[in-house]
Structures are given as structure tokens and as C-alpha cells.
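Residue-level structure breakdown
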Amino acid sequence: MIRVGNAQAFWGDRPTAARELLAQEPELDFLTMDYLAEVSLSILAVQRERDPRLGYARDFVDVVSGLADYWSSGGRCRLVVNAGGLNPLACAEACMAAMERAGCRPLKIGVVSGDDVLTLLQADDGTCELFANLDSMQPLSQVQSRLVTANAYLGCQGIVQALNAGADIVITGRVADPSMVAACCVYAFDWKLDDWDRLAGATVAGHLLECGTQVTGGISTDWLDIPDPTHLGFPIAEIAEDGSCTITKSECSGGHVTERTVKEQLLYEIADPAHYLSPDVIVSFLSLQVGQVGINRVEVRGAKGRTRPPTLKVSATYRDGYRASGTLTIFGPQAVRKAQLCGEVVLQRLDDAGHEYRDTIVECLGNAGSVPTENLTRRAEELFECVLRIAVESTSKSAAEQFSRELMPLVTAGPQGTTGYAEGRPRVHEVFRYWPCLIEVDLAEPHVELFTSTNSHEDLRELASWPPAELRYEQSLSSEPPITSEKTLSQATCLADVAYGRSGDKGTSANIGILVRKPDDYAWLKTWLTPERVAEFFEPLGVLAVERYEMPNVGGLNFVVRGILRRALRNDAQGKALAQALLSMRLDDDRSLGESDGGASGHIKDMQSDGGASGHIKDMQSDGGASGHIKRQS
């Protein structure tokens, strides 16, 4: 068994997490850290344009410097991180300099590159169909001249090579998040790269770890119930040689690890659970078994794997104009009505000035403006306060700048009670759009280089001690999850009474996982929460299609809601609030457990003549026997 921790879920996560976790658990075998979201590399590209020595997550250099005493005192945990971004070699050089300044013992650093495929996409003559946008199927030629970055999601192979060469720290560019954990397992257990079931198990473990505290209680439906959120602990996976794992955390940290926190993260942004794609293996989640085996210990086993895909996913970004957004607080009676009128005033002034915008949006936050569904916005007249948010997007920088100048005059020209303007005029930002596509596997091979730091402060090594005094814990900060009474199905008034869930983005689509609180309610959930009902609920947000995947092994339904995130100006541009909105659905009086006509059997085709949200409706099984689809075309 190996113990793999995580101390970073995104670029901007808690900077002291690695130091804290290794103070609590100094005997960890590996520590992974994830810095790269879809558009992170475009930000790094702008930094590299200003200074060719940049292009990596500079925060990581401080992390390494803060761990110098850990390694010099004898610590052996190995770091695997994707902080290298567009310039992993420069990141390694900066880390070596930082370690030498801190008096760290010599360490070997492995650098994995080969993910940058920008020149291949720029050279395409329009004949490569793989480069079409995976969401819209538009040809690359539409954005080719504006490309900024293009990086393939590499698998575990390059990291394994670096670990086999003795690397204490492995710094990569773009790799698939779970591949960092899979690489640790392949190295430690000497797995073959076609041991599909074991690789599937390690990939599941990596998926559960990759978002850090999301599996220890962070952003959970029942967040108010988690103990000591101030000291929320980062997760640890104890992974066995057969690929099964136990998710846990340090006893000296807050939060908790329960079946619910693990299942919520399990369904997070996975799309089809029978075909979870990684560059190392295709995983089926439908055979997974999840069970509590102790306090803050949840076992996950039973993953099934198949041959890896013949292509790699590419995350490309391109320049697409300018945007700006700003907020003001409107306080007083009829706050929502006043805020809406303020938004109309600003947009009318911009129109009068002759400026053109690709998209504009006015949101009244506090009145469910993030997810404006009918059931959440019908009590607007009762609100005494709301936050007005206006955002614009244009191909013209001057148009975005003009919006920035038009918002602030509302401070004296808007309704009484207008406040919240301490930050001044909104800033104008360049827009970088995400372009997902595919590339043949052999066009993006990992390249590994090795370097060894030196110790220029030999006298400091003997003074190193670990853990530092300020991070020594004399007692556990954690406690058992609270015991709460829960409603039965007959007592429930809304979906949240009997279910919980989590949501996130999948390009211009969103992934929403909903799970029952009690296993006996799954048959009802499967019958009641249909793709049609979900599509109707989110219709105001411009849904194109809803796909439903059944996961009876964990009591869950996974929805992929197509097109709901096409408007990048929305406050909830990444779909984080969608699960909470869906859980607010009121339950109707028909709560029978029988199968509905459109449940999970057979095929339903209901052709409707009206436009709008009608079109083609389909409900059918996937080859895994666990999906339903509703496709809406206006």
C-alpha cells in the first residue's frame, strides 16, 4: 500500500497546504498538486509574453522553499505537480535556486514536457477533423489565427520515467489530473501500462484527490455540518496493489470523509460514468463499491478499465475580444426592480453612444440571479437588498472601457440606497476562450529531463527539524460527523430533503450529479428526476440537450446539460450553483416508486411541432444500460 496526498486543487488554492499536510503526515509516500484549469495556460502565456523566463505557477516555488526543512530533516515524500505550465524547465530552475537559498539537501528534479502542440494546430491546413471543437464541432479555421496555447493532456508515462530515474520532485506541463496519481502507483507497484483494471482504480483515486478538499467536505451539500471548516484537511488516498483505495485525511485536521463526500466528488464532472476517459485508461464507474470502513475512512473498489483511447484531448485557448463586469449594491424597498432598471439605463446609454457588444447581461444577485429559474425568482418584491451585476463582452476594447465608465455614475444618478462602490470602476480584461479538440497519441510524446540541486549551505542542514513548532498539533482537530435526523420521502417538500449533489463545468455544458440520501429512495429518484424534468427546469438558461446516466451502485444520477454554459458572462459561468438550484425543486404529489413510461427502458420519441425548448426528445439506454437522453433542438 502507498499513501498519496493532495495539497492543491487549483492555481490559487491555500498556499500553506503542502507544508501543513506534511507536518501532520510526514510519512506520506507521494504528494500531488494540481495548478492547471482549462484557461490557466492562457494566463501563463500572457506572463511569458512579458517575460520569456515565466510561464509557470510561481506560487509553487514558495511551496518548495517552505519544504526545505522537511527534506533536510530526512523527509522522503515525493512531489508530483503540473505547476510547470508552459515552461516546466524554468519552473525547475527557479525551484532549484529556491532550495539552494533555503539550505535544502540536494534533490533530483524531473521535468516532463512534450504536451505543447500549438505549432501543430497552427500548421493545420484544415484537413484534420480531430481539431474541430468537441462541443460545437466548428472547424479550427474559425479561430486558428487567434490561438494562444494548445496543450495535450499527457498520461502517466513521462512521470513514471522521471520517478524511475530517482526524481524527488516531478514538474510537468499539461497532464491529466488523475494521471499524477496513476503514475505514483505504476512506479510503486511496477504495474504494466496495460493493466487496465488496476490503472482504472488508480485513476478513480486520482479523480477523488484532484480537487483537494472537495472530498473532505469542501463545497459539499451539507457543508454546514462539517466539523472545523477553518482547518479543513486535504485528502489522502491509501492505494493498494490491486488498485482499490481508502480515502482518508489527517486526524489533525478539520472536515470529514464520509460516503457522501466521496460520492459527491465521484460524480463531479465525469460525464458518462461508463466511459470516463483518461490518456491512461477508459474507466467504468458503474461497478464501483463505496463504503465507510471507519471514522474518516471510505473504501472505494471495483473499478473496471479498458484500453486507453487512441487520441489525446487537447486544451487550446484563443483570444476572443474583451470583457468587463461590475457590481453595485441596491438597498431599500423594491431593490430588485430598481436594480433591473439600473441595468437597462447603463445598457441604453451604451447603445446611444453607438457601441456594439457581443453579449451583455444584467443579474440581480440575491434574487437567484446566478441561476434564474422560475421557482427561485418569484419572490423578488420581498427583497430589501440585492447586488446588481452587469457584464459586457465585445470585440472592441474601447467598448468594454466605455461600459466601465458608465457604471459608476449610478452612484449619484441611480436609486437611493445605491452602495458597494469602494472598488471603483470595473477593470477591462482580455477574453481567452477554451477550444477542446483531439490529437493522435503519437503526436504528443512525453520528454523527460533530470536535474539535481546543490546544497550551498551545508551548515544549515544539521539545524533542520520537522515539523516546525508552529505546525505541531497536540490533539486532533477533527470529530465525527454529526448525527442528523433526515426526512422520509413522504415528509420531503423539495429534492434537497432526500438527495444531495454537486455540479461543475464541462466546456459549454455542465455536469450535475444527484445522489439519494437513503438507498431505498433511488428507485423513486430514477423515475421522478427525468431528463425532461431537468431540461424544463433549466429552460430559462438556454439548455440544448440533457443526457442522464444512471449509477445504481452509488444511488446516483449524473446529468450532462448541454449548452447551459454558453454565456460566459454569467456570474456562475462554471456551473457551480446548478446542483443547488436543482435540489431546490419542489416535489409533486405523485411519489410512487413504479417505473414511468420513459424511465430507463426502451426508447421514447416525442416529436413536438413548436419551437423553443421542444424539438427531439429521446430517452434510451447506453451500452452500459445506464443512460437516458433528451435532445432539444430549436
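Here the structure is shown first, and the text comes after it.
These notes cover the structure that comes with them. (Residues numbered from 1 in each chain as written. Predicted model: local features only at pLDDT ≥ 70, side-chain atom pairs only at ≥ 80, totals over all residues. Heavy atoms only, no water.)

1. Observations regarding the overall build of the protein
Broken down by element type, the protein carries 18 helices and 26 strands. Scored against the burial criterion, the 634 residues of the protein give a buried share of 56%. Taking contacts inside the protein between residues at least 6 apart in sequence as the whole, the part at least 24 apart equals 76%. A total of about 26800 Å² of accessible surface is found on the protein, and carbon and sulfur atoms cover 47% of it. (Helix = DSSP H or I, 4+ residues; strand = E, 2+ residues; numbered from the N terminus. Buried < 20%, exposed > 50% of the residue type's maximum accessible area, 1.4 Å probe, protein only. Contact = heavy atoms within 4.5 Å. Areas by Shrake-Rupley, 256 points an atom, 1.4 Å probe, with all protein chains shown as cover.)

2. Remarks on the pattern of salt bridges
It is possible for side chains of opposite charge to pair when their charged atoms get near one another. This model, assessed by the stated rule, comprises 29 salt bridges. As a salt-bridge pair, K576 and E269 come within 3.7 Å of each other at their nearest N and O atoms. Here K576, found in the loop between strand 23 (556–562) and helix 18 (578–583), pairs with E269, found in the loop between helix 10 (259–266) and strand 9 (276–277); they are 307 residues apart in sequence, far enough to count as distant. For R433, the salt bridge is made with D320, and the minimal N-O distance between the two is 3.0 Å. Here R433, found in strand 18 (residues 428–440), pairs with D320, found in strand 14 (residues 311–331); they are 113 residues apart in sequence, far enough to count as distant. Assigned by exposure class, R433 and D320 land together as buried. (Salt bridge = Lys/Arg side-chain N within 4 Å of Asp/Glu carboxyl O.)

3. Remarks on the packing of helix 3 (residues 59–66) against helix 5 (residues 88–102)
Relative orientation of the contacting elements helix 3 and helix 5 amounts to 30°, with a least axis distance of 9 Å. Both helix 3 and helix 5 take part in a crossing whose hand is right-handed. Contact residues: helix 3 offers F60, V61, V64 and S65, while helix 5 offers C91, A94, C95, A98, M99 and A102. Residue composition of the contact of helix 3 with helix 5, by class: nine nonpolar, one polar and no charged. (Axes fitted to C-alpha atoms, helices over the stretch in contact; angles between N-to-C directions. Left-handed = near helix turned anticlockwise from the far one by under 90°. Nonpolar A, V, L, I, M, F, W, Y, C, P; charged D, E, K, R; others polar.)

4. A few points about the pairing of strand 4 (residues 108–113)
Extensive coverage of strand 4 is indicated by the burial of five of its six residues. In this sheet, strand 19 (residues 447–452) lies alongside strand 4 in antiparallel orientation, the contact comprising six bridges. Bridge pairing in strand 19 places K108 opposite T452. Taken together, the four bridges between strand 4 and strand 6 (residues 169–172) define a ladder with parallel strand orientation. (Pairing = 2+ DSSP bridges.)

5. A closer look at the side chain of D359
With respect to the helices and strands, the residue D359 is situated in strand 15 (residues 359–365). For D359, a relative accessible area of 19% puts it in the buried group. A polar contact of 2.8 Å, which involves the side chain of D359, links it to the side chain of R567. (Polar contact = N/O pair within 3.5 Å; in protein donor to acceptor, adjacent residues only side chain to side chain.)

6. Looking at the packing of aromatic side chains
Tallied over the full model, the rule gives 10 aromatic pairs. Taking the centre distance of 5.3 Å and the plane angle of 20° together, the rings of W524 and W528 count as stacked. Of the two residues, W524 and W528 are both situated in helix 16 (residues 522–528); the distance of four residues between them amounts to about one turn of the helix. Given the relative accessible area of 4%, W528 is considered buried. (Phe/Tyr/Trp six-rings, centres within 6.5 Å; stacked < 30°, edge-to-face > 60°.)

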